[in-house]
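Given next are the chains, with one letter for each unit.
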Amino acid sequence: MSLSEAVNGPKPSNPERPETFISPMNRKLYDSNVTFEEYLHYAKHTRAEEEAEQHIPQAGLLQQVFRRSSTAPEPPPLGPAHHNGVSPGHGGVDEKAGKDVAAAPNTDQEATQPRRRSILSRHSIITEDEWRSAARAMRTATWGAGFYLITTDILGPYGVGFALGTLGWAPVFAFMAGYSGYLLWQVYLGLDSYEYPLRNYGDLAYRTMGNVARYVVNILQSIQLLLICGQVIIQNGQGISQTSKFRLCYAVCIILFVIAGFFMGQVRTLRNFGIVSMIAVGLNLMVIFISMGVMAHSPPNYGISVLGSAGSAVDPDSIAPDAQGKYPPIKHYNGMPPSAIVGAVNGLMAAVFAYGGAQLFVEIMAEMRRPWDFIKAMWLAQFFIYAVYLIYGCFVYYYQGQYSFTISYMGMSVYGFQAACDMMVVFAGLIAAGLYGNIGIKVLYNQVLQEIFNAPPLNTKAGKYLFASIVPIYWSLAFVVAAAIPDYFGFVSVIAAFCIVQFSYSFPPIIHLAYTMQKNAIRGGEGFDETTGETRRSDHGIKRLIRGFFADKWYINVWHVIHAGGALATAGLGAYAAIDGMIEAFKNPQVNAFTCTSPLNLNP
């Protein structure tokens, strides 16, 4: 099941009388007795079924997003202790039929007939095939929806001009972010199945490295999603405040956005977010085109540059007016600005923030009808985002130079266009924040409320009500955390260094390496026997992992070690720069979101 198991080996069994087989249907969600080989076995079955369906004609992009399945059966409620609602000795409830479903005990006779095993109740029998069909029916999202979900995370282009202003005319690449998505996709296809569905990033860590890794990933992901939701709240609160010309109390601006989030957060499925994501992508593109046109025909917003421009991060003198109030001319750097390591690293973190969407990839794949197609949606989205980011970022940096603001459209000097962009981003940001909040609440609900407190499944009426009640609490908490930090620029750097670098650049090669070592260590005659439920291994320990490391294409494993090490080093450097910047920010407290004075108001 994990690296620790590969070292210590599976639990011994009596070869003359195998242990009673326990069906996946009757397993707990995180059952330490399920081995890595068992996950591989059922994943191969699932991928074979999906491959057999590849010949089915697919509709166009719009039909992919809007199409609703009319043939998929309604899935039964999911249980708190198990992937699909039933665990040994515990009953479930079929809401539609109003029936209690009790788990039948396993017998040795059942162990020899795994495909005929079933769950008995007073009124009906749920067979394994029906159970698998229900698990399959929960996957409804298409690759078109996946494309729009990924491109919804288009918060980054507004900071690329700023990143170039702190790094110079250095190329910003999205390739490594796409490569990380490719690694996650490979591991997902190798370990996900209808019997043991992968639901989140933490599940990948659990099946490759064990429970400790799952806890670390889930905690870090929960923090990241909460902080990003808070970052979007603050960004758009500032936009509303700027549009009102600071006449509206800043705290009220923030609260208005949070209240709107209460309603957006009620969308529970990613497939439905795929529909509204089209609107967010269109609005963001409109903002990009409008701001490009305005910047090309008007000067930068010089006054606001002291609050978070590239010049304020690397060379404050480059944006300081002279005695006559005249600002320095626009300038550019071909390389990294001299004597500006901390500012340049913070700019790098802004670039990392721009491409940090991998934390959502597993959740998107988990709701896709055909996970094979995720790679198509992911690469198409990455190339689209890369083109938009690079073109827009270079354009902003060319016309605004050191005055490139952290949130580019706020750096325009023409109020009418500035206000229009602010309002369009408010609506697009609401959708993006809703997406992050949705994933964050699901991680909290599944990993804490269901696993520890036995909360009802999300697809039951009680689960839906509980989910709806958590949404305002989650958004309020995100607001409080983000509002307490006075330095928006530093806040973004903290999120990037401590969270986004890990999920987009560090964790994917580490997880893929753990997966590859265990998979390649399997020899002929080893593996999982579905009839007996036994996992056969000829050896275990460090030598097994070393054999797996060098078994096939070892140079790729070496590259992944270097990749992960470089990403962790970058994260450490970014954390140092972010903390250093935050210390300076708290020495001179700025306006936070608990007051009526906007942090963008230069004349409070």
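Relevant structure appears above.
Just so you know, these numbers come straight off a predicted model, no measurement behind them. (Residues numbered from 1 in each chain as written. Predicted model: local features only at pLDDT ≥ 70, side-chain atom pairs only at ≥ 80, totals over all residues. Heavy atoms only, no water.)

1. Remarks on the overall build of the protein
In plain terms, the rule: Numbering of helices and strands runs from the N terminus, with a helix taken as a DSSP run of H or I at least four residues long and a strand as a DSSP run of E at least two residues long. Burial classification: accessible surface area is computed with a 1.4 Å probe over protein chains only, and a residue below 20% of its type maximum counts as buried, one above 50% as exposed, and the rest as partly exposed. Contacts are assigned to residue pairs that have any heavy atoms within 4.5 Å of one another. In short, Shrake-Rupley with a 1.4 Å probe defines the accessible areas, and a residue's cover is counted only from the protein chains shown.
Helices and strands together make up the secondary structure of the protein, namely 21 helices and 6 strands. Taken over 604 residues, the protein has a buried fraction of 57%. Within the protein, contacts between residues separated by at least 24 positions form 81% of all contacts whose residues are at least 6 apart in sequence. On the protein, roughly 24400 Å² of surface is accessible, and the fraction owed to carbon and sulfur atoms is 65%.

2. Things to note about unusual backbone geometry
In this structure, Asn-454 is a non-glycine residue whose phi angle is positive, near 55°. When you line up the elements, Asn-454 lands in the loop between α17 (415–450) and α18 (461–483). The phi angle at Lys-553 is positive, at roughly 50°, despite the residue not being glycine. The residue Lys-553 is located in the loop between α20 (542–551) and α21 (554–587) in this model.

3. Details of the pattern of salt bridges
Oppositely charged side chains can pair when the atoms bearing their charge come close. We count it as follows: Salt bridges, as used here, are contacts in which a Lys or Arg side-chain nitrogen is within 4 Å of a carboxyl oxygen on Asp or Glu.
Per the counting criterion, the structure on display carries 14 salt bridges. The salt bridge involving Glu-50 is made with Arg-47; its shortest N-O contact spans 2.8 Å. Taken as a pair, Glu-50 and Arg-47 lie in helix α2 (residues 36–52) at a separation of 3 residues, close to a single helical turn. Note on accessibility: Glu-50 and Arg-47 belong to one class, buried.

4. Quick word on the side chain of Ser-298
We count it as follows: As used in this structure description, the phrase polar contact means that two N or O atoms lie within 3.5 Å; if the pair is within protein, one of them must be able to donate a hydrogen and the other to accept it, and residues adjacent in sequence are counted only when both atoms belong to side chains.
In this fold, Ser-298 is placed in the loop between α12 (270–296) and α13 (310–314). Look at Ser-298 and you get buried, because its relative accessible area is 15%. Here the side chain of Ser-298 touches Val-294 through a polar contact of 2.6 Å, landing on its backbone oxygen.

5. Thoughts on the packing of aromatic side chains
Going by this rule: We call Phe, Tyr and Trp rings a pair once their centres come within 6.5 Å, taking the six-membered ring for Trp, and we label the pair stacked below 30 degrees between planes, edge-to-face above 60, and tilted otherwise. Consider the ring centre and the ring normal. A charge sits over the ring if Lys NZ or Arg CZ is within 6 Å of that centre and within 35 degrees of that normal.
Following the criterion strictly, the structure yields 24 aromatic pairs and no others. Between Phe-361 and Phe-374, the ring centres sit 5.3 Å apart and the planes meet at 65°, which makes this aromatic pair edge-to-face. In this pair, Phe-361 is assigned in helix α15 (residues 361–366) and Phe-374 in helix α16 (residues 374–400), connecting sequence segments 13 residues apart. Classification of Phe-361 by relative accessible area gives buried; the value is 1%. Its relative accessible area of 0% is what places Phe-374 among the buried residues. Centre to centre, the rings of Trp-379 and Phe-383 are 5.6 Å apart; their planes meet at 25°, and the pair counts as stacked. Note that Trp-379 and Phe-383 are positioned in helix α16 at a spacing of 4 residues, about one turn of the helix. Assessed through its relative accessible area of 55%, Phe-383 is described here as exposed. Taken together, Tyr-39, Tyr-42, Tyr-196 and Phe-528 form an aromatic cluster joined through their ring pairs. The positively charged end of Arg-214 is found above the aromatic ring belonging to Tyr-30, 3.7 Å away from the centroid.

6. Describing the nonpolar core
Rules: Among buried residues, those of type Ala, Val, Leu, Ile, Met, Phe, Trp, Tyr and Cys that are joined through side-chain atoms within 4.5 Å constitute a nonpolar core.
Counting residues in each nonpolar core, the largest one holds 134 residues, and the members touching the most others are Ile-233, Phe-374, Tyr-409 and Trp-475. Here this core gets 15 residues from one element, more than from any other, and that element is α17. The residues touching Phe-374, leaving out its near neighbours within four places in the chain, are Ile-150, Gly-181, Trp-185, Phe-361, Ile-364, Met-365 and Met-368. Ala-163, Ala-310, Ala-351 and Phe-489 belong to the second largest nonpolar core, which has 6 residues in total.

7. Some remarks on a nonpolar patch on the surface
Put simply, the rule reads: To count toward a patch, a residue needs a relative accessible area above 30% and no salt bridge. Like charges then connect within 9 Å, nonpolar side chains (Val, Leu, Ile, Met, Phe, Trp, Tyr) within 5 Å.
Together, Ile-542, Ile-546, Phe-550, Trp-554, Tyr-555, Ile-556, Val-558, Trp-559 and Ile-562 make up a nonpolar patch on the protein surface, roughly 890 Å² of accessible area in all. Secondary-structure elements contributing two or more residues to the nonpolar patch are α20 and α21. When you line up the elements, Phe-550 lands in helix α20.

8. Considerations on helix α19 (residues 488–520)
A turn of α-helix holds 3.6 residues, and therefore any two residues three or four places apart point the same way. Spelled out, the test is: In this scheme, a helix's expected span is set at 1.5 Å multiplied by one less than its residue total. A residue's bend is simply the angle between two axes: one fitted to the seven residues ending at it, one to the seven starting at it.
With 33 residues, α19 extends 46 Å from end C-alpha to end C-alpha; this agrees with the ideal 48 Å at 1.5 Å per step. At Gln-502, α19 shows its largest kink, close to 60°. Of all the 33 residues making up α19, 29 are buried; the element is thus mostly covered by neighbouring parts of the structure.

9. Focus: the packing of helix α9 (residues 201–209) against α19
The criterion, for reference: Here, axes are lines fitted to C-alpha atoms. For helices the fit covers the stretch in contact, and angles between N-to-C directions go from 0 to 180 degrees. Handedness of a crossing is defined here by the sense of rotation of the near helix relative to the far one, left-handed for an anticlockwise turn of less than a right angle and right-handed for a clockwise turn. For this classification, Asp, Glu, Lys and Arg are treated as charged, while Ala, Val, Leu, Ile, Met, Phe, Trp, Tyr, Cys and Pro are nonpolar and the rest, including Gly, are polar.
Where α9 contacts α19, the two axes come as close as 9 Å, and the packing angle between them is 35°. When the axes of α9 and α19 are compared, the crossing they make is left-handed. Here Tyr-201, Leu-204, Ala-205, Thr-208 and Met-209 of α9 lie close against α19, whose contacting residues are Phe-503, Phe-507, Pro-508, Ile-510, Ile-511, Ala-514, Tyr-515 and Gln-518. Considered class by class, the residues forming the contact of α9 with α19 number 11 nonpolar, 2 polar and no charged.

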